[in-house]
Amino acid sequence: MASQASQKKQQDLQLQYSTYKNTLQQLAQKIGDVEQEAEEHKLVLETLGPLPGDRKCFRMINGVLVERTVKDVVPALQTNNEGLKKVLEDLVKQYRTKQDELEKWKKKNNVQVVQS
């Protein structure tokens, strides 16, 4: 009977560990996506920077390509870029917090990861 309880506890620990790892992996994926989008915004802003404000440019909004001027698009891109940076900071904080949580959990439950 004791071995069944021990086996159940081991399964629970494995499940919790898998949950932590999956959460960390999802956060890392989101961080990568947001970093890529922020880099694209930065590249577009650098490209539009030297252009005259009345020059026409095109912007994709909800899958629709719309014609605007550079002076209309740049402020929106800057706002979006700042928002992406804040989201990225929050995601990195979440990742670090979850990673610390995992380390504390591993110490508390005396868990050692064995690579197979």
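Structure: see above.
Report follows, based on the coordinates. This is a predicted model, so every value here is computed, not measured.

A tally of regular secondary structure across the protein chain gives two helices and two strands. Tracing the protein chain from N to C terminus, the helices and strands come up as α-β-β-α. Its C-alpha atoms give the protein chain a radius of gyration of 23 Å, clearly above 13 Å, the size a compact globule of 116 residues would have. Projected onto its principal axes, the C-alpha positions of the protein chain cover 80 × 25 × 25 Å. Considering only residue pairs separated by 6 or more positions, the protein chain has 62% of its internal contacts joining residues 24 or more positions apart. For the protein chain, the distance from the average position of its 19 positive side-chain charges to the average position of its 16 negative side-chain charges is 7 Å.

Where strand β1 (residues 56-61) lies against strand β2 (residues 64-69), six bridges are found, and the strand directions are antiparallel. Bridge pairing links Cys57 to Arg68 in β2. Taken together, β1 and the strand that follows it, β2, pair antiparallel across an intervening segment of two residues, in which Asn62 is found at a positive phi of about 50°.

On to the side chain of His41, then. Position of His41 relative to the elements: it lies in helix α1 (residues 2-48). Beyond its immediate sequence surroundings of up to four residues, His41 is in contact with Leu77, Asn80, Asn81 and Leu84.

Right, let's talk about the pattern of salt bridges for a bit. Inspection of every chain in the model, using the stated rule, returns four salt bridges. Taking the shortest distance from any N to any O, the salt bridge between Lys8 and Asp12 comes out at 3.5 Å. Of this pair, Lys8 and Asp12 are both found in helix α1, four residues apart, which corresponds to roughly one turn of the helix. A residue is classified by how much of its surface remains accessible, and Lys8, at 48% relative accessible area, is partly exposed. Put simply, Lys98 and Glu101 hold a salt bridge, and the shortest N to O gap is 3.4 Å. Of this pair, Lys98 and Glu101 both sit in helix α2 (residues 70-108), three residues apart, which is roughly one turn of that helix. Lys98 gets classed as partly exposed once you look at its relative accessible area, which sits at 24%.

Cut-offs used in this document
- Residues numbered from 1 in each chain as written.
- Predicted model: local features only at pLDDT ≥ 70, side-chain atom pairs only at ≥ 80, totals over all residues.
- Heavy atoms only, no water.
- Helix = DSSP H or I, 4+ residues; strand = E, 2+ residues; numbered from the N terminus.
- Rg over C-alpha atoms; globule rule 2.2 N^0.38 Å.
- Contact = heavy atoms within 4.5 Å.
- Lys, Arg positive; Asp, Glu negative; His and termini not counted.
- Charge placed at Lys NZ, Arg CZ, Asp CG, Glu CD.
- Pairing = 2+ DSSP bridges.
- Salt bridge = Lys/Arg side-chain N within 4 Å of Asp/Glu carboxyl O.
- Buried < 20%, exposed > 50% of the residue type's maximum accessible area, 1.4 Å probe, protein only.

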